[in-house]
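Chain by chain, the residues run as shown.
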Amino acid sequence: VQLVESGGGLVQPGGSLRLSCAASGFAFSSYAMSWYRQAPGKERELVAGIGSGGGGTNYGDSMKGRFTISRDNAKNTVYLQMNSLKPEDTAVYYCNARRVAMTTEDYWGQGTQVTVAS
């Protein structure tokens, strides 16, 4: 199982970034996908989530209206479009795959750094 995030980097306040998470080694279309982030000294928090079929999205309160999560099941990839970025969005962003059946299967990527600074 692999989740490989990409697209992070340094951006100025007000700018945009698009993160991608390429998945392999599991039945991607059967898993809900999410993005989490963790800033230094803070707990990991939910950024956005999307259902296995692409419907049903949810966002952290501070991301609503600025971030958009989407997925392409044909490409086994989930995306996070981030607009109007703020310095407080600076964090390591992690991709998560989860399927709850008889047991909970939970996979994580290695993370990609997003830094918002002028």
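Residues numbered from 1 in each chain as written. Predicted model: local features only at pLDDT ≥ 70, side-chain atom pairs only at ≥ 80, totals over all residues. Heavy atoms only, no water.

A. Spatial organisation of the environment of Ala 27. Tracing the sequence through the fold places Ala 27 in the loop between strand E3 (17–24) and strand E4 (32–38). On the basis of relative accessibility, which here comes to 41%, the residue Ala 27 falls in the partly exposed class. (Helix = DSSP H or I, 4+ residues; strand = E, 2+ residues; numbered from the N terminus. Buried < 20%, exposed > 50% of the residue type's maximum accessible area, 1.4 Å probe, protein only.)

B. How the structure looks around the environment of Asn 83. By the secondary structure assignment, Asn 83 is in the loop between strand E8 (77–82) and strand E9 (91–100). Exposure remark for Asn 83: the relative accessible area of 29% places this residue in the partly exposed category. The spatial distance from the C-alpha of Asn 83 to the C-alpha of Leu 46 is 17 Å, given a sequence separation of 37 residues.

C. How the structure looks around the sheet that holds E3. Read from one edge of the open sheet, 4 strands run E1-E3-E8-E7, paired in antiparallel fashion. Where the open sheet ends on each side, the last strands, each with one partner, are strand E1 (2–6) and strand E7 (67–72). Within the sheet, the average angular offset between the axes of one strand and its neighbour, ignoring direction, is 15°. The sheet contact formed by E7 and E8 spans 6 bridges and is antiparallel. Within the sheet, the bridge partner assigned to Thr 68 lies in E8 and is Gln 81. (Pairing = 2+ DSSP bridges. Axes fitted to C-alpha atoms, helices over the stretch in contact; angles between N-to-C directions.)

D. Up close: the side chain of Arg 37. Within the secondary structure layout, Arg 37 lies in strand E4. Polar contacts involving the side chain of Arg 37 include one to the side chain of Asp 89, which spans 2.9 Å. (Polar contact = N/O pair within 3.5 Å; in protein donor to acceptor, adjacent residues only side chain to side chain.)

E. The pairing of E9, seen in detail. Among the 10 residues of E9, 7 are classified as buried, and the element is accordingly described as predominantly covered. In this structure, E4 lies alongside E9, joined through 7 bridges in antiparallel fashion. When the bridges of E9 are listed, Arg 37 appears paired with Tyr 93. Of the strand pairs in this sheet, E9 and strand E11 (residues 112–116) are connected by 3 bridges, and their pairing is antiparallel. Across the sheet, Tyr 93 pairs through a bridge with Thr 112, a residue of E11.

F. The pattern of salt bridges, seen in detail. Under the definition given, this model contains 6 salt bridges. Ionic pairing is found between Glu 105 and Arg 99, a salt bridge with its closest N-O pair at 2.8 Å. Overall, Glu 105 belongs to the partly exposed group, its relative accessible area being 21%. Sharing partners across several salt bridges, the network here consists of Arg 37, Glu 45, Arg 66 and Asp 89. (Salt bridge = Lys/Arg side-chain N within 4 Å of Asp/Glu carboxyl O.)

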